[in-house]
Amino acid sequence: MQHIIDDCYPKIFNDSVHGHIELHPLCVKIIDTPQFQRLRNIKQLGATYYTYPGACHNRFEHCIGTCHLAAKLLRQIRLHQTEACDDQDDLCVQIAGLCHDLGHGPFSHMFDHQFIPEFQTQTYRKWNHEEGSCKMLDHLIAENDLKSEFEKYGLNFEKDVAFIKELINPPSEQPYKGRPKEKQFLYEIVCNKKNGVDVDKWDYFARDCHHLGIPNSFDHNRVISNMMVVNSSDGTSHIAARDKDFDQLHEMFHVRSMLHRRAYQHRVNTSIETMICDAMTLANDHIFYNGENGKRVKISECIDDMFAFTRLTDNVVFDIMNSESPHADMVKARQLIQRIHTRQLYQYCAGARINETIPSSTDLRKFVIEIVELSNKKLTKGDIFISVVRINYGDKDNNPLEKFLFYSKNSPGAFVIRADEVSSMLPSSFQDCYIQVFCRDKNMKRLTEQCFRGWCPSKGLTPMRSGLVDGLTPQKTSPQENYHSEAKRCRRNLYE
């Protein structure tokens, strides 16, 4: 009897960010599978945990939080607009929020932004974690026989699963197939490709700030309380916010840029993620996971085999460390992981702001060659690498809020608010871009910096002063500076 009751009623989860939240029983069924539980072993912020000791949260709790916020937003909309969507639409959006990150690989974005591209230039196609999430969802349903559970709660299995996958990874071409244009607003809840205002960001802003120890000045609950659905002239529906919440939404994008500057693209994080990527690349031909029908699958091939991908998590670093292979590549890979644990990291050397076109990966490889040529053969291509830092509002150098709709209680219809209509103090530029050069051997740091500074004028670049690329970690003061500072403090106390 207890088992029947548990299957038919929602469950309560105590979340560190949102408090006690209630999830639909079908969502609980999805959570209680090996494919979803895998997310407990994938850090939300990848290698940032090595820079911020508090950033130990995982994709598991983020997905649960996103599901909760999707349900909360739809509950608010349906409170005043009961015909906006039905229970089936609501449940599909919740499942999409829950499953939107199923396809993340080890160390989250490091896997699809750095590791997989290493092989795309050789034999592998372009791939992203949204595609992986859709494939993993199909695999999860099939392996755990959940088709009947979907149908039990009133879902049309074929149609609604296709709709859920569209919500997770919206196709570039419209109209969408899962729902008509009257319900187009549903595609703006979990993954909003139009302007970036979605519950996925709301959860990870709140969660990341909480665990990083960085204040979050954006209040998603305030914005949710005033959201509604509006229709454009052609009958397509969209989500709109109250005009008085413009400042809050602007603050949302400011928080995004601040987190990228202070945490996500912190130069120490870049250093460590590159070291992990290098170690995984070296180990790729030597570490295997059991795939479908017992097939042995390389790390880079796991994206095409969900049986193997289920086994691939952040624990890959321990698989490398615990390997006893005498192969030279594995010896180097183990040494790299050991260097991370002993804090012998790749060294940041210098950086420069880019004001024009952002360089491609091909450009970066060319830049490395040009810088190395200035070293009189003291450096090789493998000694250094260049990273691009992009700090923006999520829409390159555009203001995404100019693609978002607002409404007013005093006038009919929805409208766009331009930044200059609100204040002349809001930014007119929405992207900063830098290049950073690192060396893999700390003994090459001074030489690399000199070569980079000598190379910059040929590209019209001005090297930045040390410490300006990320503004969080303060420079260490010398003992003499500490002495003078303490002396000033003592004199001040004497006169007070």
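Notes on the structure in this doc start here. (Residues numbered from 1 in each chain as written. Predicted model: local features only at pLDDT ≥ 70, side-chain atom pairs only at ≥ 80, totals over all residues. Heavy atoms only, no water.)

1. Overview of the nonpolar core
- By size, the foremost hydrophobic cluster in this structure holds 121 residues, and its most contacted members are Phe36, Ile95, Phe111, Phe150, Phe185, Ile189 and Trp202.
- Excluding anything up to four places from it in sequence, Trp202 contacts Leu69, Leu73, Val197, Phe218, His220, Val223, Ile224, Met227 and Met252.
- Grouped together as the second largest cluster of nonpolar side chains are 23 residues, Phe367, Val368, Ile386 and Ile435 included. (Core = buried A, V, L, I, M, F, W, Y, C linked by side-chain atoms within 4.5 Å. Buried < 20%, exposed > 50% of the residue type's maximum accessible area, 1.4 Å probe, protein only. Contact = heavy atoms within 4.5 Å.)

2. What to know about the packing of aromatic side chains
- In this structure the tally under the stated criterion is 21 aromatic pairs.
- Here Phe111 and Trp127 contribute two aromatic rings whose centre-to-centre distance is 5.9 Å and whose plane-to-plane angle is 90 degrees, an arrangement assigned as edge-to-face. Linking Phe111 in helix α6 (residues 109-120) with Trp127 in the loop between α6 and α7 (129-143), this pair joins segments that are 16 residues apart in sequence.
- Residue Phe111 is classed as buried on the basis of its relative accessible area, which comes to 0%.
- Ring geometry for Phe404 versus Phe406: centroids 5.3 Å apart, planes at 75 degrees, classification edge-to-face. Each of the two residues, Phe404 as well as Phe406, counts as buried. (Phe/Tyr/Trp six-rings, centres within 6.5 Å; stacked < 30°, edge-to-face > 60°. Helix = DSSP H or I, 4+ residues; strand = E, 2+ residues; numbered from the N terminus.)

3. Examining α7
- Here α7 spans 20 Å end to end across 15 residues, near enough to the 21 Å set by a 1.5 Å rise per residue.
- Within α7, burial applies to His129, Glu130, Gly132, Ser133, Cys134, Met136, Leu137, His139, Leu140 and Ile141.
- One side-chain oxygen of the residue at the start of α7 lies 3.2 Å from the amide nitrogen of Glu130, identifying that residue as Asn128.
- Phi turns positive one or two residues past the end of α7, at Asp145, with a value near 50 degrees. (Expected span 1.5 Å × (residues − 1). Polar contact = N/O pair within 3.5 Å; in protein donor to acceptor, adjacent residues only side chain to side chain.)

4. Details of the pattern of salt bridges
- What the rule picks out here adds up to 22 salt bridges.
- The residue Arg179 makes a salt bridge to Asp89 at a minimum N-O spacing of 2.5 Å. Taken together, the positions of Arg179 in the loop between α9 (157-168) and α10 (199-212) and Asp89 in helix α5 (residues 87-99) put the pair 90 residues apart, joining distant regions of the chain. In this pair, the class of Arg179 matches that of Asp89, namely buried.
- A salt bridge links Asp243 to Arg242, with the shortest nitrogen-to-oxygen separation between them at 3.4 Å.
- If you follow the salt bridges from partner to partner, you end up with Asp86, Asp89, Asp160, Arg179 and Lys183 in one network. (Salt bridge = Lys/Arg side-chain N within 4 Å of Asp/Glu carboxyl O.)

5. So, the environment of Gln436
- Examined against the element boundaries, Gln436 turns out to sit in strand β11 (residues 431-439).
- Gln436 sits in the buried class, given a relative accessible area of 0%.
- For the pair formed by Gln436 and Asp243, sequence separation is 193 residues and the distance between their alpha carbons is 40 Å.

6. Some details on the sheet that holds strand β7 (residues 347-353)
- Pairing in this open sheet of three strands is antiparallel, and the strands run β7-β11-β8 from one edge to the other. A strand with exactly one partner marks an edge of an open sheet, and here the two such strands are β7 and β8 (384-392). Strand-to-strand, the axes of this sheet are offset by a mean angle of 25 degrees, without reference to chain direction.
- Looking at chain direction, β8 and β11 are connected through nine bridges and run antiparallel. Of the residues in β11, the one forming a bridge with Val389 is Tyr434. (Pairing = 2+ DSSP bridges. Axes fitted to C-alpha atoms, helices over the stretch in contact; angles between N-to-C directions.)

7. Section: the side chain of Lys201
- Take Lys201: it is sitting in helix α10.
- Apart from residues no more than four positions distant in its own chain, Lys201 is found in contact with Gly196 and Met252.

8. Digging into the environment of Ser375
- Examined against the element boundaries, Ser375 turns out to sit in the loop between α17 (361-373) and β8.
- With residues up to four places along the chain from it excluded, the contact list for Ser375 reads Leu447 and Cys451.

9. Observations concerning the pairing of strand β10 (residues 411-415)
- Sheet analysis places strand β9 (residues 405-408) next to β10, joined by three bridges and oriented antiparallel. Its bridge partner being in β10, Ser408 is matched across the sheet by Ser411.
- Connecting the antiparallel pair β9 and β10 is a turn made up of two residues.

10. Some thoughts on the pairing of strand β2 (residues 19-23)
- In terms of strand pairing, strand β1 (residues 11-15) meets β2 through five bridges, oriented antiparallel. Its bridge partner being in β2, Phe13 is matched across the sheet by Ile21.

11. So, the sheet that holds strand β4 (residues 237-242)
- Spatially, four strands are ordered β3-β4-β9-β10 in an open sheet, and the strand pairing comes out mixed. Two strands in the sheet have a free side with no partner beyond their single neighbour: β3 (228-231) and β10. In this sheet, neighbouring strand axes are inclined to one another by 40 degrees on average, regardless of whether the strands run parallel or antiparallel.
- Examined bridge by bridge, β3 and β4 share four bridges and lie antiparallel to one another. What sits directly across from Asn231, in β4, is Ser237.

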